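Residue-level listing of the chains:
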Amino acid sequence: MKRAIIRSGLEALYFSGAHRLMEPFVGGVGAILVLHHVRPARSDGFQPNRLLEITPTFLEAVIARLKAKDVDFVTLDEVRRRLQEQDFRRRFVTFTFDDGYRDNKEWAYPILKRHGIPFAIYVPTSFPDRLGELWWAALEAVVARNASIALTMNGRDCRIESGTRGEKFAAFELLYRWLRGMPSDHDMLDAVRDLTTRYGVDVGAICDELCMSWEELSEIAADPLVTIGAHTVNHVMLAKACDTVARSELRMGRAVLEAALGRTPHHLAYPYGDATAAGPREFAIAAELGFRTAVTTRPGVLFPEHGTTLTALPRISINGEFQRERYIDVLLSGAGTALWNGLRRLRVA
Ligand SMILES: [Zn+2]
C-alpha cells in the first residue's frame, strides 16, 4: 500500500512536470545517495527485502542520468568541505553503501571504478567479524521456507499462515514491524533467535555469504576512490540503547575499523537511520566524538543550512522497488522528499 502510494506520487510528480517547477525551491545544493545491495535481479516471487537492492544495470542508468545533469561526483570529505565553506558553485552527489555487502565489491565497484566515481561503504564491524546477525535476511528465510510460523508474540502463542505468496508478504510485514517496534536490540534479537533456531535458519551462514570479509574490505579500501565509514559494531538502533552503550558502539565501531584497516574512519552512518534509531542525542554524540559527517536515512537533498548539522545529514534512497530512471530525476529534484518532509528543509529532530 505504502509502496503504491510512493510510486504513484513519484509518477504524478514526474508526469505533471511539477518537480521541474519545484526544483529551484527544493532542489538544494547536492545529495547523498544511499544504496545497499547491487546485484542481478533474482527470480523468486517472495523478496520482501527487495527495496534494499538494485541491479548493476540500474546503477549504470543512475550514473548516466547524473552525468547528463552535469553534477560533480564527490567524496564525503568534499561534501563536508563544500557545506562548511558554503561552496555551492556546482551541484554534487555522493554515493554511499550501507553494511559492506560483498556484491558491492563484485558488482558496484567495477562500474564506479570505470566511471572514476568515489564512494563510501559504511561497515558494522561485527559483519566482517562474522558475528553479525542480519535478522531481516534471516526473517526472510524463515518466512520463505515455511508454510506457517508458530511463535510467542507479546506473551501469547500464535501461528501465522505463510503458505501463499500473499501470506508470506503479510507475515513478513507483521513480524518485521513487531520486531522493529521492540524496546531494544536485545529483545529483538532474542525473538529472532527463537525463530531461526526453531526453523533451522543459520544466521552465521547468511553473514558469511552476504558480507565482505576483512580481507575483501582491505582490498577495496586500498583504492583512493573508496572511503570506509563507521556503522557501529553490532548494527544497533542507537536511540534505543542507553548512553553508555550508544557511545561505546560508536567509539568501538570506529576503533575496530581503524585497527583492521589501518586508517581512522571519519564518517558515520547511523544503523537504520530513521527517527526510531537515531535522534538528537546520537547527533550530539557523533559530533562530540569528532566524526566529520554522519548520515541518517531521513529522506532529503542537502541545503546550505546542513553546514551547521553535519552529523545529521539526510540521504536519498535509491530504492529497489522504484527502479525507473524517471524516478531518479524526481528524487534528485528534491520535490518528492520535500513533499514527504512537509516542505521543511531541515529535519534533525
Ligand atoms: Zn545498515
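Since we're looking at a predicted model, the values are computed, not measured.

### Brief notes about the packing of aromatic side chains
Now for step 1: A full pass over the atoms with the stated rule returns 10 aromatic pairs.
Now for step 2: With centroids separated by 5.1 Å and ring planes inclined at 70 degrees, the aromatic side chains of F46 and F169 adopt a geometry described as edge-to-face. On the criterion of sequence distance, the pair formed by F46 in the loop between β2 (37–38) and β3 (53–54) and F169 in helix α7 (residues 165–180) is long-range, its members being 123 residues apart.
Now for step 3: Here the basic side chain of R180 rests over the ring of Y272, its NZ or CZ set 4.5 Å away from the ring centre.
Now for step 4: Across from the ring centre of F291, 4.6 Å away, lies the NZ or CZ of R254, which sits over that ring.

### Considering the nonpolar core
Grouped burial of nonpolar side chains is what soluble globular proteins tend to show.
Now for step 1: Of all hydrophobic cores here, the largest spans 52 residues; its most connected members are L35, L59, F95, F97, F119 and I228.
Now for step 2: Broken down by element, the residue count for this core peaks at 6 residues, all from helix α3 (residues 56–68).
Now for step 3: Apart from residues no more than four positions distant in its own chain, L35 is found in contact with I54, L59, F95, T96, F97, D98 and I318.
Now for step 4: W135, L139, L151 and A191 belong to the second-largest nonpolar core, a separate cluster that totals 37 residues.

### Focus on helix α10 (residues 214–221)
Now for step 1: Those residues of α10 that sit buried are W214, E216, L217, I220 and A221. Seen from one end, α10 has its buried residues packed into an arc of 160 degrees, which puts them on one side.
Now for step 2: Where the residues of α10 are buried, they touch α5 (102–115), β6 (119–123), β9 (226–230) and α11 (243–261).

### Observations regarding the coordination of the zinc ion
Now for step 1: At the metal site, the zinc ion is ligated by D99 (OD), H231 (NE2) and H235 (NE2), and these contacts range over 2.1 to 2.2 Å.
Now for step 2: All donors to the zinc ion come from one chain, and their sequence spacing reads D-x131-H-x3-H.
Now for step 3: Residue classification places H235 among the buried positions, given a relative accessible area of 7%.

### What to know about the environment of P183
Now for step 1: The residue P183 is located in the loop between α7 and α8 (185–198) in this model.
Now for step 2: Looking at P183, the relative accessible area reads 62%, which means it is exposed.
Now for step 3: Distance from P183 to K240, taken between C-alpha atoms, is 6.6 Å for residues 57 residues apart in sequence.

### Side note on the pairing of strand β1 (residues 30–35)
Now for step 1: With 6 of 6 residues buried, β1 is to be regarded as a mostly interior element.
Now for step 2: The side-chain alternation of β1 yields two buried faces, one formed by G30, I32 and V34 and the other by A31, L33 and L35.
Now for step 3: In this structure, β1 lies alongside strand β5 (residues 92–98), joined through 6 bridges in parallel fashion. Among the inter-strand pairings, G30 is bridged to a residue of β5, identified as F92.
Now for step 4: Sheet topology places β1 next to strand β12 (residues 313–317); 2 bridges connect them, and they run parallel. Counted as the bridge partner of V34 is S317 from β12.

### Some remarks on the pattern of salt bridges
Now for step 1: This structure, assessed with the given rule, holds 26 salt bridges.
Now for step 2: Of the charged contacts, one joins E140 and R42 as a salt bridge, the two residues approaching to 3.9 Å between their closest N and O atoms. Of this pair, E140 sits in helix α6 (residues 135–145) while R42 is found in the loop between β2 and β3, placing the two residues 98 residues apart along the sequence.
Now for step 3: A relative accessible area of 32% means that R42 is categorised as partly exposed.
Now for step 4: Among the ionic pairs, R89 bridges to D87, the shortest N-O distance being 2.8 Å.
Now for step 5: What makes D87 buried here is its relative accessible area of 12%.
Now for step 6: The network of salt bridges with shared partners includes D70, D72, E78, R81, R82, E85, D87, R89 and R90.

Rules behind the numbers
Residues numbered from 1 in each chain as written. Predicted model: local features only at pLDDT ≥ 70, side-chain atom pairs only at ≥ 80, totals over all residues. Heavy atoms only, no water. Phe/Tyr/Trp six-rings, centres within 6.5 Å; stacked < 30°, edge-to-face > 60°. Helix = DSSP H or I, 4+ residues; strand = E, 2+ residues; numbered from the N terminus. Lys NZ or Arg CZ within 6 Å of the ring centre and 35° of its normal. Core = buried A, V, L, I, M, F, W, Y, C linked by side-chain atoms within 4.5 Å. Buried < 20%, exposed > 50% of the residue type's maximum accessible area, 1.4 Å probe, protein only. Contact = heavy atoms within 4.5 Å. Arc of directions from axis to C-beta. Donors = N, O, S within 2.8 Å, 3.2 Å for Na, K, Ca; no water. Pairing = 2+ DSSP bridges. Salt bridge = Lys/Arg side-chain N within 4 Å of Asp/Glu carboxyl O.

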